[in-house]
Amino acid sequence: MTVSILISAPRERVFDYLQDIANHPQFTDHYLVDWHLTRIDPVGLGAGARFRIKAPANRFSWGDAAFTEVERPHRIVEAGRMGKNNRIRTLGVYDLAPAADGGTRVRFTFESVPAKLSDRLMEGLGGRRWLRRKNQRAMHRLRSILEHAEGAGAAPEGVGRRITVAGG
C-alpha cells in the first residue's frame, strides 16, 4: 500500500522532521495513540516507538516501529511488529524526492506480513482499505504541519505534549 503527497517545503526540512519519531504522533494520532519511545534519543537510526492502533474490531492493538535505515535526505525505513503476540511483521518506507519550486514529494509505502490465516483474513476484510485511508489522512496532516507550522517540529493546534520513553 502506497500513499503520496506533495509538500511545499525543502526536502531536508521534511527529512529532519520525519527522522524524529517523536514527531510522528502529530500527524498519525487520528489512528495511532498512546505513543512511547523505545529509547531516549528519538532521532535517526535505531529510534523507535510503541503505540496503540485504533482500528475497528482490533483486540490486539499494540504495535511498534524502529528506524532501520536512514539515508539523508531521501529515505527512512521503519520495521516493526503488531497484532496478537506481535506476530505480524511490518515495514514502512518514506521516500522523499525533490519537486518543482523547492517542494518535496513524500511517498509512504507500508507492507505487512501476516503470520496466520486469521491475520490475513482480518487484513483482507477491510483492513487494507482502512489503513490506506488513515495513511492518506496522515500525509495530508503532515503537509499541513510542515507548510503552516512555525518550523519543523512545531506542534499544530490541538496537539498535546511531546512523547517520552515508556515509564517516563
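Residues numbered from 1 in each chain as written. Predicted model: local features only at pLDDT ≥ 70, side-chain atom pairs only at ≥ 80, totals over all residues. Heavy atoms only, no water.

S.K.: Can you break down the nonpolar core residue by residue, with the values?
M.R.: A general tendency of soluble globular proteins is for nonpolar side chains to be buried together. Counting residues in hydrophobic clusters, the biggest one holds 35 residues, and the most contacted among them are Leu18, Tyr94, Val106 and Leu142. Going through the elements one at a time, strand 1 (2–7), helix 1 (11–18), strand 2 (32–37), strand 3 (48–53), strand 4 (62–71), strand 6 (88–98), strand 7 (104–113) and helix 3 (117–148) are the ones with two or more residues in this core. Not counting chain neighbours up to four residues away, the residues in contact with Val106 comprise Val3, Ser4, Ile5, Ile7, Val14, Tyr94, Asp95, Leu96, Met139 and Leu142. (Core = buried A, V, L, I, M, F, W, Y, C linked by side-chain atoms within 4.5 Å. Buried < 20%, exposed > 50% of the residue type's maximum accessible area, 1.4 Å probe, protein only. Helix = DSSP H or I, 4+ residues; strand = E, 2+ residues; numbered from the N terminus. Contact = heavy atoms within 4.5 Å.)

S.K.: Give me the lowdown on the pairing of strand 4, citing residues and values where you can.
M.R.: Pairing geometry for strand 3 and strand 4, over five bridges, is antiparallel. Counted as the bridge partner of Ala49 is Ala65 from strand 4. Linkage of strand 4 to strand 5 (residues 75–82), two consecutive antiparallel strands, is achieved through a turn of three residues. (Pairing = 2+ DSSP bridges.)

S.K.: Can you tell me about helix 1, naming the residues and giving the values?
M.R.: Taken together, the buried positions of helix 1 are occupied by Val14, Phe15, Tyr17 and Leu18. The buried side chains of helix 1 occupy one side of the element, clustering within an arc of 160° when seen end-on. (Arc of directions from axis to C-beta.)

S.K.: Quick rundown of unusual backbone geometry? Include the residues and the values.
M.R.: Omega for the peptide link from Arg72 to Pro73 comes to -5°, which places this bond in the cis form. Along the chain, the position of Pro73 falls in the loop between strand 4 and strand 5. Although it is not a glycine, Asp34 sits at a positive phi angle of roughly 55°. Taking the relative accessible area as the measure of exposure, Asp34 reaches 39% and is therefore partly exposed. Phi is positive for Asp101, which is not a glycine, with a value near 60°. Relative to the assigned elements, Asp101 resides in the loop between strand 6 and strand 7.

Honestly, that's just the spatial picture; any functional story needs more than this.
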